[in-house]
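Architecture and fold: a report
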Amino acid sequence: SQQGEEDPQALSIQEGENATMNCSYKTSINNLQWYRQNSGRGLVHLILIRSNEREKHSGRLRVTLDTSKKSSSLLITASRAADTASYFCATDAVRAQKLVFGQGTRLTINP
Amino acid sequence: EAEVAQSPRYKITEKSQAVAFWCDPISGHATLYWYRQILGQGPELLVQFQDESVVDDSQLPKDRFSAERLKGVDSTLKIQPAELGDSAMYLCASSPTGDSPLHFGNGTRLTVT
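Let us look at the structure shown here. (Residues numbered from 1 in each chain as written. Chains lettered and ligands numbered in written order. Predicted model: local features only at pLDDT ≥ 70, side-chain atom pairs only at ≥ 80, totals over all residues. Heavy atoms only, no water.)

What follows covers the overall build of chain B. Across its full length, chain B carries zero helices and 11 strands. Each helix (α) and strand (β) of chain B, taken in turn from the N terminus, gives the series β-β-β-β-β-β-β-β-β-β-β. In terms of overall dimensions, chain B is globule-like: its C-alpha atoms have a radius of gyration of 13 Å, near the 13 Å expected for 113 residues. Along the longest, intermediate and shortest principal axes, the C-alpha atoms of chain B span 35 × 30 × 25 Å. Within the span of chain B, comprising 113 residues, buried residues form 46% of the whole. Contacts in chain B between residues far apart in sequence, at least 24 positions, make up 54% of those at least 6 positions apart. When the accessible surface of chain B is split by element, carbon and sulfur atoms take 48% of a total near 5400 Å². If the 10 positive side-chain charges of chain B are averaged to one point and the 15 negative ones to another, these points end up 7 Å apart. (Helix = DSSP H or I, 4+ residues; strand = E, 2+ residues; numbered from the N terminus. Rg over C-alpha atoms; globule rule 2.2 N^0.38 Å. Buried < 20%, exposed > 50% of the residue type's maximum accessible area, 1.4 Å probe, protein only. Contact = heavy atoms within 4.5 Å. Areas by Shrake-Rupley, 256 points an atom, 1.4 Å probe, with all protein chains shown as cover. Lys, Arg positive; Asp, Glu negative; His and termini not counted. Charge placed at Lys NZ, Arg CZ, Asp CG, Glu CD.)

So, about the interface of chain B and chain A. Contact with chain B, which involves 20 residues of that partner, is made by 20 residues of chain A. Where chain B abuts chain A, roughly 1600 Å² becomes buried across the two surfaces, and 46% of that area is made up of carbon and sulfur atoms. For the chain B face of the interface with chain A, the top three residues by lost area are B:Pro43, B:Pro101 and B:Phe104, together amounting to 25%. Counting across the interface, chain B meets chain A through one salt bridge. Between A:Lys98 and B:Asp56 there is a salt bridge, with its nearest N and O atoms 3.6 Å apart. Counting every contact that joins chain B to chain A gives six residue pairs in polar contact (both at pLDDT 80 or more). Of all the secondary-structure elements, those providing two or more residues to the side of chain B that touches chain A are β4 (31–37), β5 (44–50) and β9 (88–95) of chain B. (Buried area = accessible area lost by both parts, 1.4 Å probe. Salt bridge = Lys/Arg side-chain N within 4 Å of Asp/Glu carboxyl O. Polar contact = N/O pair within 3.5 Å; in protein donor to acceptor, adjacent residues only side chain to side chain.)

Residues and elements named next belong to chain B. Side chains of strand β11 (residues 108–112) alternate between two faces, with Thr108, Leu110 and Val112 buried and Arg109 and Thr111 left unburied. Here strand β2 (residues 10–13) runs beside β11; their pairing, made up of four bridges, is parallel. Counted as the bridge partner of Ile12 is Thr111 from β11. (Pairing = 2+ DSSP bridges.)

Residue and element names in this part refer to chain A. Taken in spatial order, the five strands line up as β1-β3-β8-β7-β6 in an open sheet, and their pairing is antiparallel. Among the strands making up the open sheet, the edge pair consists of β1 (5–7) and β6 (55–58). The sheet shows a mean angle of 15° between the axes of neighbouring strands, direction not considered. (Axes fitted to C-alpha atoms, helices over the stretch in contact; angles between N-to-C directions.)

This part covers the packing of aromatic side chains. Inspection of the entire model under this criterion finds seven aromatic pairs over all chains. Ring plane angle 75° and centroid distance 6.0 Å describe the contact between A:Phe101 and B:Phe104, whose orientation is recorded as edge-to-face. A residue pair is termed interchain when its members come from two chains, as with A:Phe101 in strand β10 (residues 99–101) and B:Phe104 in strand β10 (residues 103–104). Of the two residues examined, A:Phe101 and B:Phe104, each falls in the buried class. Clustering of aromatic rings is evident, with ring pairs tying together A:Tyr35, A:Phe101, B:Tyr33, B:Tyr35 and B:Phe104. Here the guanidinium or amino end of B:Arg9 rests over the ring plane of B:Tyr10, the centre of that ring lying 5.4 Å away. (Phe/Tyr/Trp six-rings, centres within 6.5 Å; stacked < 30°, edge-to-face > 60°. Lys NZ or Arg CZ within 6 Å of the ring centre and 35° of its normal.)

Right, dumping it as structure tokens:
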């Protein structure tokens, strides 16, 4: 069962541009997390935003959360070739007590 | 930085054979997870342990899959018998508590022929 849905499924941009990925979910959450996965590797945690927070920053990453719309966005500024990866949102739903991942956005940064 | 260790990295097995995967979480992490990830999709939770106890195995196909975490440290996931549809990446993750970010291993890529 998938709680979060990412949009777009795939995104291709030029190096230096900003990349924005969106995540929508269905039920009330404790927190929402974003992970990155390089091809053939495990996932790496990027950022966690709690339900009472609206925005968080980490380096070139900015995450927003709108609980009224049940949506989140991940912005990567000044993209680099090394940012090429799949990005997943994961929701810690209030009643689920487990982390549920979306289908991911495949991001390609062209040099 | 401590890592979650998984082995083997790749496994090719024939249909109806048994296969096992091993995971060693980061030291001190009480919560351990096994996820299955089909190519092009997000990870799906198979089983979650808190120390040596199973917290959630609602998505584990119990007729063929089993998981254990003896002594609450490392863990083994077994499939018997393997089916073609089991071909996927099997990811292990750990966290200090159930509501902390997850630390993933690099997974075992299983191919069933």
